[in-house]
Amino acid sequence: MRRPSIATFAAVSLALCSQAFAQKTTVLRAARMIDGTGAQMVNNAVVVVDGDRIVAAGPAGSVAVPAGARVIDLGDVTLLPGFIDTHTHIIGRTLGDPLNDLAIVKDYASYGAIAGVANARSTLMAGFTAIRVVGSSNFDDMALRQAINDGRVPGPRMQNGGHSLGITGGHCDENGFRPGLIQLGPAEGVADGPDQIRSAVRYQVKGGADVIKTCATGGVLSEGDAVGTTQYTYEEMKALVDEATKLERKVAAHAHGTEGIKIAVRAGVASIEHGSFLDDEGAKMMAQRGTYLVPTMMAGEAVERFAKNGVLTGLRAEKALAAGAAMKRATRIAVVNKVPIAFGTDAGVIPHGTNAREFGLLVEWGGLSPMAALTAGAMNAAKLLGWEARIGSLAPGKLADIVAVPGDPLKDIHVTERVSFVMKGGVVFKGQGAEER
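Predicted model only: the values in this text are computed from it and were never measured.

### Comments concerning the sheet that holds strand β12 (residues 292-294)
Then comes step 1: Overall, parallel pairing links the four strands, which are arranged β9-β10-β11-β12 in an open sheet. Each edge of the open sheet carries a strand with a single partner, namely β9 (211-215) and β12. Strand-to-strand twist in this sheet, taken as the mean axis angle between neighbours without regard to direction, amounts to 25 degrees.
Then comes step 2: Direction of pairing for strand β11 (residues 271-274) relative to β12: parallel, over a ladder of three bridges. The partner of Glu273 across the bridge, within β12, is Val294.
Then comes step 3: Across the sheet, helix α6 (residues 234-246) touches β9 and β10 (250-255), and the angle it forms with β9 is around 170 degrees.

### Examining the side chain of Gln231
Then comes step 1: Within the secondary structure, Gln231 is located in the loop between β9 and α6.
Then comes step 2: Among the polar contacts listed, one links the side chain of Gln231 to the backbone nitrogen of His171, at a separation of 3.1 Å.
Then comes step 3: Once you skip the residues sitting within four places of it in the chain, Gln231 turns out to touch Ile167, Gly170, His171, Cys215, Ala216, Thr217, Gly218, Asp225 and Glu236.

### So, helix α9 (residues 297-309)
Then comes step 1: Taking 1.5 Å as the rise per residue, α9 with 13 residues should run 18 Å; its terminal C-alpha atoms sit 19 Å apart, in good agreement.
Then comes step 2: A large share of α9 lies buried, amounting to 10 of its 13 residues.
Then comes step 3: Along α9, the residues that are buried comprise Met297, Met298, Ala299, Gly300, Glu301, Ala302, Val303, Glu304, Phe306 and Ala307.
Then comes step 4: Those residues of α9 that are buried lie in contact with α10 (314-336) and α11 (357-364).
Then comes step 5: Of the residues trailing α9, Gly310 is marked for its positive phi of about 90 degrees.

### With respect to the pattern of salt bridges
Then comes step 1: Evaluation of the coordinates by the stated rule reveals 16 salt bridges.
Then comes step 2: In this structure, Lys319 and Asp225 form a salt bridge, with 3.1 Å as the shortest nitrogen-oxygen distance. You can see Lys319 sitting in helix α10 and its partner Asp225 sitting in the loop between β9 and α6, a full 94 residues away along the chain. Of the two residues examined, Lys319 and Asp225, each falls in the buried class.
Then comes step 3: Of the charged contacts in the structure, one is a salt bridge between Glu301 and Arg357, with a shortest N-O distance of 2.6 Å. Of this pair, Glu301 sits in helix α9 while Arg357 is found in helix α11, placing the two residues 56 residues apart along the sequence.
Then comes step 4: Exposure remark for Glu301: the relative accessible area of 15% places this residue in the buried category.
Then comes step 5: We classify Arg357 as partly exposed; its relative accessible area is 27%.
Then comes step 6: When salt bridges with common partners are traced through the structure, they connect Arg202, Glu243 and Lys246 into a single cluster.

### A few points about the packing of helix α7 (residues 258-267) against helix α8 (residues 280-289)
Then comes step 1: Where α7 meets α8, the axes come as close as 10 Å, and the angle between the chain directions of the two elements is 20 degrees. Taken together, α7 and α8 sit at an angle that is classed as roughly parallel. α8 is crossed by α7, and the crossing has left-handed handedness. Across from Ile261, Lys262, Val265 and Arg266 in α7, the residues of α8 making contact are Glu281, Gly282, Met285, Met286 and Arg289.
Then comes step 2: Looking at side-chain class alone, the contact of α7 with α8 contains four nonpolar, one polar and four charged residues.

### Looking at α7
Then comes step 1: Counted residue by residue, α7 has seven buried out of 10 residues, so it is predominantly covered.
Then comes step 2: Taken together, the buried positions of α7 are Gly260, Ile261, Lys262, Ile263, Ala264, Val265 and Ala267.
Then comes step 3: Phi turns positive one or two residues past the end of α7, at Gly268, with a value near 105 degrees.

### Considerations on the packing of aromatic side chains
Then comes step 1: If you walk through the whole model with that rule in mind, you get five aromatic pairs.
Then comes step 2: Site record: aromatic cluster; members linked through ring pairs are Phe83, Phe128, Phe343 and Phe359.
Then comes step 3: The ring centre of Trp365 lies 4.2 Å from the NZ or CZ of Lys328, which sits over that ring.
Then comes step 4: Lying across the ring of Trp387, Arg390 places its NZ or CZ 4.9 Å from the centre.

### Some words on the state of the cysteines
Then comes step 1: For the structure on display, the rule yields one disulfide.
Then comes step 2: For Cys172, the disulfide goes to Cys215, at an S-S distance of 1.9 Å. Taking the torsion about the S-S bond as the criterion, the Cys172 to Cys215 disulfide, at about 70 degrees, is right-handed. With Cys172 in the loop between β8 (157-160) and α5 (193-206) and Cys215 in strand β9, this residue pair connects regions lying 43 residues apart in the sequence.
Then comes step 3: Judged by its relative accessible area of 12%, Cys172 is buried.

### Structural notes on the nonpolar core
Then comes step 1: By size, the foremost hydrophobic cluster in this structure holds 79 residues, and its most contacted members are Ile212, Leu240, Ile272 and Phe359.
Then comes step 2: Here this core gets seven residues from one element, more than from any other, and that element is α9.
Then comes step 3: In this structure Phe359 touches Phe83, Phe128, Phe343, Ala373, Leu374, Gly377, Ile413 and Thr416, once residues within four positions along its chain are discounted.

### Focus: the packing of α6 against α7
Then comes step 1: Where α6 contacts α7, the axes come no closer than 9 Å and their chain directions differ by 40 degrees. On the basis of their axis angle, the class for α6 and α7 is oblique. Regarding α6 and α7, the two cross each other, and that crossing is right-handed. Mapping the contact onto sequence places Tyr234, Met237, Lys238 and Val241 in α6 and Ile263, Ala264, Arg266 and Ala267 in α7.

### Quick notes on the pairing of strand β6 (residues 83-88)
Then comes step 1: Of all six residues in β6, six are buried, a share of seventy percent or more.
Then comes step 2: Where β6 meets strand β7 (residues 128-133), four bridges bridge the pair, whose relative direction is parallel. Paired with Thr88 across the bridge in β7 is Val133.

Rules used throughout
Residues numbered from 1 in each chain as written. Predicted model: local features only at pLDDT ≥ 70, side-chain atom pairs only at ≥ 80, totals over all residues. Heavy atoms only, no water. Pairing = 2+ DSSP bridges. Helix = DSSP H or I, 4+ residues; strand = E, 2+ residues; numbered from the N terminus. Axes fitted to C-alpha atoms, helices over the stretch in contact; angles between N-to-C directions. Contact = heavy atoms within 4.5 Å. Polar contact = N/O pair within 3.5 Å; in protein donor to acceptor, adjacent residues only side chain to side chain. Expected span 1.5 Å × (residues − 1). Buried < 20%, exposed > 50% of the residue type's maximum accessible area, 1.4 Å probe, protein only. Salt bridge = Lys/Arg side-chain N within 4 Å of Asp/Glu carboxyl O. Parallel < 35°, antiparallel > 145°, perpendicular 65-115°, else oblique. Left-handed = near helix turned anticlockwise from the far one by under 90°. Nonpolar A, V, L, I, M, F, W, Y, C, P; charged D, E, K, R; others polar. Phe/Tyr/Trp six-rings, centres within 6.5 Å; stacked < 30°, edge-to-face > 60°. Lys NZ or Arg CZ within 6 Å of the ring centre and 35° of its normal. Disulfide = S-S within 2.5 Å. Core = buried A, V, L, I, M, F, W, Y, C linked by side-chain atoms within 4.5 Å.

Structure follows, in structure tokens:
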């Protein structure tokens with residue numbers, strides 16, 4: 001029998017290599033593309049995905065389509081980077097659930113994590129391929145992330161905070177119960193004074209925290225504290241930020257009140273969450289230091305609604321109405337002063353999977369342009385997470401986290417609420433090409 005020539009071997013090898021390449025290569029075609037950086041929209045767009053990465057993206061005429069690749073023509077849609085929500089509480093029940101207020105004493109310890117599985121799936125299917133979790137009990141956020149990363153359940157990429165840190169009796173504590181019923185300490189995030197605070201930071205990092213969440217002021221949903229009052233002193237907040245920085249973690253500060261915002265900014269936090277009563281002086285401080293505002297306007301809308309329909313009563317209802325009204329002004333003050341804005345919803349206060357309504361509120365209440373709102377949920381959010389080298393834009397080398405929305409979101413921002421296609425890491429979870437999950 002005649003042996004095959006070297007040329008034949010080469011031809012067969014090339015064919016096999018091409019076939020293997022094609023099998024793991026997907027080409028997305030769409031009427032439009034917005035890359036997530038604020039750059040001009042691209043018409044007649046093509047994105048080439050090899051494995052879990054984007055290898056090319058741009059106008060059809062400028063992108064080579066590999067022979068034999070799987071081509072998904074999505075038609076009259078706009079391709080966008082997977083949405084990023086930087087303020088979520090993915091674990092447990094949501095506000096409005098009749099059992100939510102008593103969950104801390106009535107739910108089994110593992111219930112929150114199990115509920116988080118459904119929450120994570122809803123979030124991913126709404127187009128949110130990455131989230132930051134800023135507070136959960138029992139390190140359940142770490143367990144959920146492990147299950148997602150192991151491929152056991154579908155969900156977004158997660159940057160986690162473990163327990164939120166705050167003063168005894170403050171917004172990050174559990175209030176409204178008789179003394180002694182729930183006693184939390186530094187391990188659970190309740191810490192007073194610089195030494196306890198440093199210990200609490202270290203414990204969260206030991207448990208897997210990527211970010212440290214703290215409560216700089218009172219909050220809407222906690223009992224017994226005014227929404228805008230300061231909680232940690234500057235010295236305490238500085239100790240928290242210094243310890244987190246030493247451990248290479250950023251700090252996200254829940255802060256509604258004007259003075260609490262300024263204390264947190266001076267101490268060096270990476271982001272102000274909510275920022276309801278932000279004023280021009282505080283906004284200028286944030287802009288100078290590059291401190292992000294995460295407005296969570298959906299949370300403001302939700303608590304206003306719950307105050308009016310009786311889900312929230314008494315002091316909590318009063319705080320909800322005040323903070324909800326102020327939040328709209330605060331975001332406009334931030335825009336005027338050029339404060340960097342990252343997308344966040346406070347999901348858990350709002351139903352998981354409805355997160356994209358925040359885009360519309362950023363435009364209609366906050367005064368952002370549609371492009372600026374989309375950028376807040378893409379590259380700005382990725383930068384706040386420190387993940388801008390991996391996600392946040394449709395560019396070669398980035399992870400293939402891609403969504404599609406019908407029509408043109410620059411003309412109607414609300415189409416972001418009707419995501420028709422979701423790809424995370426090159427795997428299609430929703431729309432054409434999706435596998436059963």
